[in-house]
Amino acid sequence: MLGRLGIIVSGMLNAVAFAQFPPIDTVEPHARATDAIFAAVDSRRSPGCAIAVMRDGRIIYSRGYGMADLATGIPNTPATVFHVGSVAKQFTASAVLLLAQDGLVGLDDDVRRYVPEVPDFGLAPITIRHLLHHTSGLRDQWELLVLAGWRYSRDLISDTDVLNVVSRQRRLNFAPGSAWAYSNTGYTLLARVVARASGKSFRQFTTERIFRPLGMQRSFFRDDHAEIVADIAHGYRPAGDGYRLAPTHLDTVGATSLLTTAEDLARWDGHFLTPRIGGAELIRQQLAPGALDNGQQLDYAAGLVIGSYRGLRTIEHGGGDAGYVADLLRFPDQRFGVAVLCNTATIDPSSAARRIADIHLAPLFNRAEPQTLELSTAVLASRVGTYLDSDARRMVALSLGPGGLRAAIAGSPVVGLRALGPDRLIGTYEDRAVAISFIDAAALRVSLPNEAERRYLRTPPYQPSTRHLADFVGAYASDEVDAVHRLVLDRDVLSLSSPKWTAPLRPVARDVFEFARGTYLVRFVRDTRERVVGYLINTARTMDVEFTKRS
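Residue numbers here run from 1 along each chain, matching the order of that chain's written sequence. The predicted origin of the model limits local features to residues at a pLDDT of at least 70 and limits the giving and counting of side-chain atom pairs to 80 or more, whereas totals for whole chains, interfaces and linings rest on all residues. Here the side-chain values reflect all heavy atoms present in the structure, with hydrogen atoms and water set aside.

**As for the overall build of the protein**
Counting its secondary structure elements, the protein contains 12 helices and 32 strands. For the protein, the C-alpha atoms occupy an extent of roughly 75 × 60 × 55 Å along the three principal directions. Relative accessible area decides the class of each residue, using a 1.4 Å probe on protein chains only: under 20% of the type maximum gives buried, over 50% gives exposed, and in between gives partly exposed. Across the 551 residues of the protein, 57% fall into the buried class. Contacts are assigned to residue pairs with any non-hydrogen atoms lying within 4.5 Å of each other. Here the analysis covers contacts within the protein between residues at least 6 apart in sequence; of these, 61% occur between residues at least 24 apart. Under the convention used here, a 1.4 Å probe and the Shrake-Rupley method define accessible areas, while residue burial counts only the protein chains that appear. Element-wise, carbon and sulfur atoms account for 50% of the exposed surface of the protein, whose accessible area totals about 22,800 Å². Both charge centroids of the protein, one from 62 positive and one from 58 negative side chains, sit 2 Å from each other. Helix and strand assignments come from DSSP, with helices taken as H or I runs of at least 4 residues and strands as E runs of at least 2, each series counted from the N terminus. The charged-residue count follows a simple rule in which Lys and Arg add positive charge and Asp and Glu add negative charge, with His and chain termini not counted at all. Taken as the charge centre is NZ of Lys, CZ of Arg, CG of Asp or CD of Glu, depending on the residue.

In structure tokens form, the structure reads like this:
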């Protein structure tokens, strides 16, 4: 999805030269091809999606598929209200930039000026700009709360809960400005900055300054999970031959909790073509990519990912929580956009948005696609295995299934995996381009935008003895998440038990285990006498959370 970003100039806000589109009144034949993308959920027995396809700031096609409410048979429509997860971040960023225009905050202000609950880590200050571009080094709030014993998407989580766990942190993933790692924590803090600097709730500020002026009448940040919302799509997850409700339980805003419609997102798309709040300068600031202290330019701007698809520049952000997934994809030079909002994760909204773009933009795409290869089953099978980086902080798992080779990095699947050669694979990881290169039979490299290339070594199959597993049994405590974990051995299975959940640990290498399908990597620490004294837990967004074994 993400390509190398060209220079953004202010002239992009004006009309640009591009290949001729068919007239609007000939677009209708594309409807059947668009509808086919959502055929699997276009049923009265299934939740589904709502879409809006935009050109020149107006909707050229919109439709709903499947049900907003399976119990009452209410269908999804372009006016149905959806929770859109991290699509919210671009609105949070816009609110911060408006506040900066007002002179109430500075982008290089220390965040502790507005949110003193953030600890002083003894390093360079964490600034508002760091939060906007995910370069703060702050560990991710959701993963910290899971380690504290919360059940994400099941337990009620409020801003207070997030601030409590943030205030307990004693270290960062990295020094502010030195690296990039996606952090929901940063955007929760940005919403708190807006509220404290403006003297209004974040919901009130964004409604008054963004949604109302843009005519986004059905959009707002939901700060009360129990609020009754008209025309809302309920979130669902597959269960057997049917579905179960999968609602959000969030009273926290900024990183998520935006409720909106496909029609309202079309109005937001129009704002980027004809600015109606903050003027052209606000758009310029929002689309300016961030940078690290060493000058490296990022593909992440203020709540937006700047990338490319088939040779055309894109601006995008997706999101997902509980039973909801969404994506807003724009092709700024073609003045074309797609909004996909779903109340079931059986649809990949980013892929669906691209397939819609394929229908409308085919004549404009770069036809010189990388040539891919069909590798033999023997070659694919030789790549299967588990690979660890040198610090046992992240894991790559390669497996072979009916569709060929599958890859997962830190628990998240790499989709659209293709072979450019026997030693090079490409795909998409968390909506970002990824390249996997095999050094030899025992090692590979992973390249992601914004991140330093990582080297991974294949680990041989490892099955510790019962006696070895017994070394890990006991209670482990962490002050940073205010929790005690208990490791229990039952029938040769080691499990980690937190206050509200239990997960079996799968051995990966000596003293290294994983749970939640590789999302969490546990590395045990021993003293000089080889006694287990604690462990460190790592995820893609949270590094080295320390637990110490109690005597």
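**Notes on the state of the cysteines**
Note that a disulfide, as used here, is simply two cysteine sulfur atoms within 2.5 Å. Scanning all chains against the criterion turns up 1 disulfide. Between Cys49 and Cys342 runs a disulfide, and the two sulfur atoms are separated by 2.2 Å. Judged by the sign of its S-S torsion, about 100°, the bond between Cys49 and Cys342 is right-handed. Of this pair, Cys49 sits in strand β1 (residues 49-55) while Cys342 is found in strand β15 (residues 336-342), placing the two residues 293 residues apart along the sequence. A relative accessible area of 0% means that Cys49 is categorised as buried.

**Side note on the sheet that holds strand β22 (residues 443-447)**
Sheet architecture is closed into a barrel: 8 strands sit in the order β16-β17-β18-β19-β20-β21-β22-β23, paired in antiparallel fashion. Here the average twist between neighbouring strands, direction ignored, is 30°. By this definition, two strands are paired if DSSP reports at least two bridges between them. For strand β17 (residues 395-401) and strand β18 (residues 404-409), the ladder comprises 6 bridges, and the chain directions are antiparallel. Residue pairing in the sheet places Gly401 in a bridge with Gly404 of β18. Axis angles are defined between N-to-C directions and span 0 to 180 degrees, where every axis is a line fitted to C-alpha atoms and, for a helix, only to the segment in contact.

**Let's talk about the confidence of the model for the protein**
For every residue, the predictor reports its confidence as pLDDT, a number between 0 and 100. Residues with a pLDDT of 70 or more make up 94% of the protein, whose mean pLDDT is 92. A low-confidence stretch, residues 1-26 (pLDDT under 50), is modelled with 55 contacts involving residues beyond four sequence positions or located in other chains.

**Concerning the pattern of salt bridges**
For this document, the term salt bridge refers to a Lys or Arg side-chain nitrogen within 4 Å of an Asp or Glu carboxyl oxygen. Evaluated as defined, the whole model comprises 36 salt bridges. With its nearest N and O atoms 2.5 Å apart, the salt bridge here joins Arg383 to Asp423. With Arg383 in helix α11 (residues 377-383) and Asp423 in the loop between β19 (412-421) and β20 (424-429), this pair connects stretches of sequence that are 40 residues apart. Classification of Arg383 as buried rests on a relative accessible area of 11%.

**Focus on the environment of Val473**
Position of Val473 among the secondary structure elements: in the loop between α12 (466-470) and β24 (474-478). With residues near it in sequence (within four places) discarded, Val473 still touches Leu487, Leu489, Leu494 and Lys549.

**A closer look at helix α5 (residues 159-167)**
Turning to α5, its buried residues are Asp159, Asp161, Val162, Leu163, Val165 and Val166. Against the buried residues of α5 lie α4 (141-147), β6 (157-158), α6 (184-198) and β10 (250-251).

**Let's talk about the environment of Val193**
Structurally, the position occupied by Val193 is in helix α6. Measuring from C-alpha to C-alpha, the distance between Val193 and Leu99 comes to 9.5 Å, with 94 residues separating the pair along the chain. Sequence-distant contacts of Val193, defined by excluding residues within four places in its chain, comprise Leu99, Val105, Val111, Tyr114, Val115 and Ile128.

**Some points on the side chain of Ser158**
Within the fold, Ser158 resides in strand β6. Apart from residues no more than four positions distant in its own chain, Ser158 is found in contact with Asp251 and Thr252.

**Observations regarding unusual backbone geometry**
Leaving glycine aside, a negative phi is the common case for residues, and trans is the common case for peptide bonds. In the Ramachandran plot, His134 falls in the positive-phi region, its phi being about 65° despite a non-glycine side chain. Positionally, His134 belongs in the loop between α3 (128-133) and α4. The backbone phi angle of Asp511 is positive, close to 65°, even though this residue is not glycine. The topology assignment puts Asp511 in the loop between β28 (506-509) and β29 (512-515). Residue Asp511 is classed as buried on the basis of its relative accessible area, which comes to 7%.

**Some words on helix α10 (residues 349-361)**
Here the expected span of a helix is defined as 1.5 Å times the quantity of residues minus one. A rise of 1.5 Å per residue sets the reference length of α10, with its 13 residues, at 18 Å; its end C-alpha atoms lie 18 Å apart and thus fit the reference within 8%. What α10 keeps buried is the set Pro349, Ser350, Ala352, Ala353, Arg354, Ile356, Ala357, His360 and Leu361. The term polar contact refers here to a pair of N or O atoms within 3.5 Å; inside protein, the definition further demands a hydrogen-donor-capable atom paired with an acceptor-capable atom, and it admits residues adjacent in sequence only when both atoms are side-chain atoms. The N-terminus of α10 is capped by Asp348, whose side-chain oxygen sits 3.2 Å from the backbone nitrogen of Ser350.

**Here we look at the pairing of β17**
Residues in a regular strand project their side chains so that they alternate between the two faces of the sheet. Strand direction decides the pairing type here: strand β16 (residues 385-389) and β17, joined by 4 bridges, are antiparallel. Opposite Gly385, over in β17, you have Leu398 as the bridge partner. Here β16 hands over to β17 after 5 residues, with Ala392 in that stretch at a positive phi of 55°. What sits between β17 and β18 in their antiparallel hairpin is a turn of 2 residues.

**Digging into the sheet that holds strand β32 (residues 545-549)**
Taken in spatial order, the 9 strands of this open sheet run β27-β26-β25-β24-β32-β31-β30-β29-β28, and their pairing is antiparallel. One side of each edge strand has no neighbouring strand; the edge strands of this open sheet are β27 (502-504) and β28. With direction set aside, neighbouring strand axes in the sheet form an average angle of 30°. Sheet analysis places strand β26 (residues 493-497) next to β27, joined by 3 bridges and oriented antiparallel. Within β27, the position partnered with Ser495 by the bridge is Pro504.

**Considerations on the side chain of His130**
Looking at where His130 falls in the secondary structure, it is placed in helix α3. A relative accessible area of 13% means that His130 is categorised as buried. In this structure the side chain of His130 is engaged in a polar contact, spanning 3.0 Å, whose partner is the backbone nitrogen of Thr127. Those residues in contact with His130, other than ones at most four positions away along the chain, are Pro125, Thr135, Ser136, Pro176 and Gly177.

**With respect to the packing of helix α2 (residues 89-101) against α6**
For the pair α2 and α6, interaxial distance at closest approach is 10 Å and the crossing angle is 35°. For the crossing formed where α2 meets α6, the hand is left-handed. Touching Lys89, Thr92, Ala93, Ala95, Val96 and Leu99 of α2 are Asn184, Tyr187, Leu190, Ala191, Val193, Val194, Ala197 and Ser198, all from α6. When residue character is reported, Ala, Val, Leu, Ile, Met, Phe, Trp, Tyr, Cys and Pro are called nonpolar, Asp, Glu, Lys and Arg charged, and the others, Gly included, polar. Taken together, the residues that form the contact of α2 with α6 break down as 10 nonpolar, 3 polar and 1 charged. Crossing handedness follows the turn of the near helix against the far one: under a right angle anticlockwise gives a left-handed crossing, and clockwise gives a right-handed one.

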